[in-house]
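# Chain and residue survey
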Amino acid sequence: MYRRLLPGFSVSEGRMGRFLVTCMALGFFALIVAGVAAAWSTAQNERHTADVGHTYQVEIAINRARVLIEQSETARRGFLLTSDTAYLQSYRTVMAALPAAIGRIATLTADNPGQQSKVSTLRRQIADLEQHRERTISLSVRGDQSAALVQFQQETSIRRMRTVRAVADALIKEEQRLLAIRDAAQQASVRIFYIALICAGLLLVLVAIITLVTLLRYTRELATSRDALRDFADTLEDLVEERTADLSRANEEIQRFAYIVSHDLRSPLVNVMGFTAELEAATGTIGELIDRAEERAPELVTEDVRFAAREDLPEAIRFIRTSTQKMDRLINAILKLSRQGRRVIAAEQLDMTTLVDGIGASLTQQMEQRGTTLTVEQPLPDLFSDRLAIEQIFSNLIENAVKYLDPKRPGRIVVRGKRDGKRIRYEIEDNGRGIAPSDHSRVFDLFRRSGTQDQPGEGIGLAHVRALAYRLGGVIDVASELGHGATFHLTLPATYAEPKTDTRGRLR
Amino acid sequence: MTDHQTVSIIMIEDDEGHARLIEKNIRRAGILNEIQHFTDGTSALEYLFNADKGPGRGGPALVLLDLNLPDMGGIDILARIKGSDGPLKRTPVVVLTTTDDKVEIQRCYDLGCNVYITKPVNYESFAQAIRQLGLFLSVIQVPDAEGHG
């Protein structure tokens, strides 16, 4: 019902929550992307650095090989010219180091078939060169200095040297070309990294803005709905008061009506009863006349006449009497009820526990006869209301509970109460014979009763209780199942308030 | 009783049945005074105030008044009688009605009603009350209008 009354409170928390979670997920996703990009970029950078180092190592190795070749050539030439063995010694040392230097180049460029083929060319050339050199050196060692020189002049060693140099240059060039490619790749990767970083940053900022805006709007909506809720709570209170006023006005109206009706009904009833009494007196007289007639002139008294005077008339009068007496009781009940409604309510502070205990004490005898216990659950909230009315309500309800017990089990009556805002909700629970659900509203009607009619009563008690409850600005209802006891719920304002509009009219 | 033969009983009662029962029981008590019966307030007031031999002109009288009348409230009639100047003011008024509301009874006495009798539905007690009223009437001293000229 409240939801229907609150069209402005449709801030969907579920949708809101889902949206925020999505935003957060996006934010985390952006962070992860940035992290992955950074890691990737670092890895790229490391590889590039390693590549650069590799290139320099290759270059160093190539240069070392070249230096060795040049040194060996210089040493050979010195030996050929001077035949000094120190040169030969130097040459041998240098040449011994050369294969290792070449091997190093080969190892470093093992992954590049182009460079490998160049290295093998270099090896071949060096092997050629060495062969020639050995020939001239062996001539010189044998002392044939001139032959060695001739040989030296004839040989094409200078050309070979150039080839060796060219091959070495090609090797270095190839390495530098590779380095350039790697540089470009490195730059590209750095660019990609920056792009990813910018994208992630933008996404983060966007998510942050959206989340912030949404949260702000949501907070505003929450504040609005909170205000609306507060207003609504105030309205609700007014609404309850209004309804209560309506109820008590309707109640007063009915009671005034009942008062008038019962009075006006009483008038003809006085006549009916009065003239019935007259009739009875007349019947007596006629009876005497018949008796006398029977004595003196029996032929005048037929069976019909005797029967009419002795049976029909008294019987008719008897029925009229019992009916009018019953009607009088009913009218008196209505009068009592309506008079209750006209009584001036005098509110005072009531100690409910004492009040209920007092009612229990007044019913002790009945309760003992039926083996019933009355329990007052503590704490029982107190009331500021009319003592007489409250006493009548509770004693009627407790008396009913005692009256309509289930003979099959020991009676147990519990009275409890709970404060609910400005109102107090009392419960009078029993384990008696219960009331069929179809009779729940009926039992509060005047002259209506429920279940087996094995107890004396006119069907006034609960009607009276309800009228009193209305009068005090309260309500009463019952929850029960046939055979399983009944619980009467009585809701009363904690403090009795005079109805705003007093429509109680004057008596006629 | 013969001393008060002139005292007339003015019964203002709209219900013919009630009027008849009241009259019967008064007669049963042995009261033979004249009973003037009015079924509405207007004609009753007219008689009370303006009739030649009415209490307004000095005729000794006793008023039996029902509060439920079709044209005006019995309370108004009571107020008019007790609020008037002259002999009518001292005329005893017996209110005889079905209303047994405490507030209502108090109001009638406040206005100057002399006796208030509730019509019970139990006829025997009603008849008893009326008969006792009759006995009461036989000893009651109705003010003599002449004494106040």
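Computed from a predicted structure; not experimentally measured. (Residues numbered from 1 in each chain as written. Chains lettered and ligands numbered in written order. Predicted model: local features only at pLDDT ≥ 70, side-chain atom pairs only at ≥ 80, totals over all residues.)

### Focus on the confidence of the model for chain A
Residue and element names in this part refer to chain A. With 95% of its residues at a pLDDT of 70 or more, chain A shows a mean pLDDT of 84. Taken element by element, chain A is modelled with least confidence in helix α1 (residues 2-5), mean pLDDT 44, and with most confidence in strand β7 (residues 486-493), mean pLDDT 92. Within the model, the stretch residues 1-9 combines pLDDT values under 50 with 7 contacts to residues more than four positions away or in other chains. When the criterion is pLDDT under 50, residues 501-508 qualifies, and its contacts beyond four places in sequence or with other chains add up to 14 contacts. (pLDDT = per-residue confidence, 0-100. Helix = DSSP H or I, 4+ residues; strand = E, 2+ residues; numbered from the N terminus. Contact = placed C-beta atoms within 7 Å.)

### Let's talk about the pairing of strand β3 (residues 61-65) of chain B
All names here are of chain B. Among the 5 residues in β3, 5 count as buried, and that is most of the element. Every second residue of β3 is oriented toward a common face, with Ala61, Val63 and Leu65 on one face and Leu62 and Leu64 on the other, all of them buried. Sheet analysis places strand β1 (residues 8-12) next to β3, joined by 5 bridges and oriented parallel. In the sheet register, isoleucine 9 faces β3, and the bridge partner there is leucine 62. (Buried ≥ 20, exposed ≤ 12 C-beta atoms within 10 Å, placed from the backbone. Pairing = 2+ DSSP bridges.)

### Some words on the packing of helix α3 (residues 85-108) of chain A against helix α4 (residues 113-141) of chain A
Residue and element names in this part refer to chain A. In the contact formed by α3 and α4, the axes pass within 10 Å of each other and the chain directions differ by 165°. Considered as vectors, α3 and α4 are oriented roughly antiparallel to each other. Crossing of α3 against α4: the hand is left-handed. On the side of α3, the interface is formed by Leu88, Met95, Leu98, Ile102, Ile105 and Ala106, while α4 contributes Gln116, Val119, Leu122, Arg123, Ile126, Glu130 and Ile137. Looking at the contact of α3 with α4 residue by residue, the class counts come to 10 nonpolar, 1 polar and 2 charged. (Axes fitted to C-alpha atoms, helices over the stretch in contact; angles between N-to-C directions. Parallel < 35°, antiparallel > 145°, perpendicular 65-115°, else oblique. Left-handed = near helix turned anticlockwise from the far one by under 90°. Nonpolar A, V, L, I, M, F, W, Y, C, P; charged D, E, K, R; others polar.)

### Details of the interface of chain B and chain A
A common measure of how large an interface is: the accessible area buried when the components associate. Each side of the interface is counted separately: chain B has 16 residues, and chain A has 14 residues. Listing elements by their share of the side of chain B that touches chain A, those giving two or more residues are α1 (16-28), α4 (102-111) and α5 (123-139) of chain B. Looking at the side of chain B that touches chain A, its residues break down into 5 nonpolar, 6 polar and 5 charged.

### Some thoughts on the sheet that holds strand β2 (residues 372-376) of chain A
Residue and element names in this part refer to chain A. Pairing within the open sheet is mixed, and its 5 strands lie in the order β2-β4-β5-β7-β6. Each edge of the open sheet is held by one strand with a lone partner, namely β2 and β6 (475-480). On average, each strand axis in the sheet is inclined to that of its neighbour by 15°, with strand direction left out of account. Here 5 bridges tie β2 to strand β4 (residues 411-420), and the two strands are oriented parallel to one another. Paired with threonine 372 across the two strands is glycine 411, which belongs to β4. Together, β2 and β4 form the strand contacts of helix α8 (residues 352-362), whose direction differs from that of β2 by roughly 170°.

### Details of the pairing of strand β5 (residues 115-118) of chain B
Residue and element names in this part refer to chain B. In terms of strand pairing, strand β4 (residues 93-97) meets β5 through 4 bridges, oriented parallel. In the strand pairing of β5, valine 95 is matched with tyrosine 116. In this region the chain leaves β4, passes through α4 and returns to the parallel neighbour β5; the handedness of that crossover is right-handed. (Right-handed = clockwise from strand over helix to strand, strands pointing away.)

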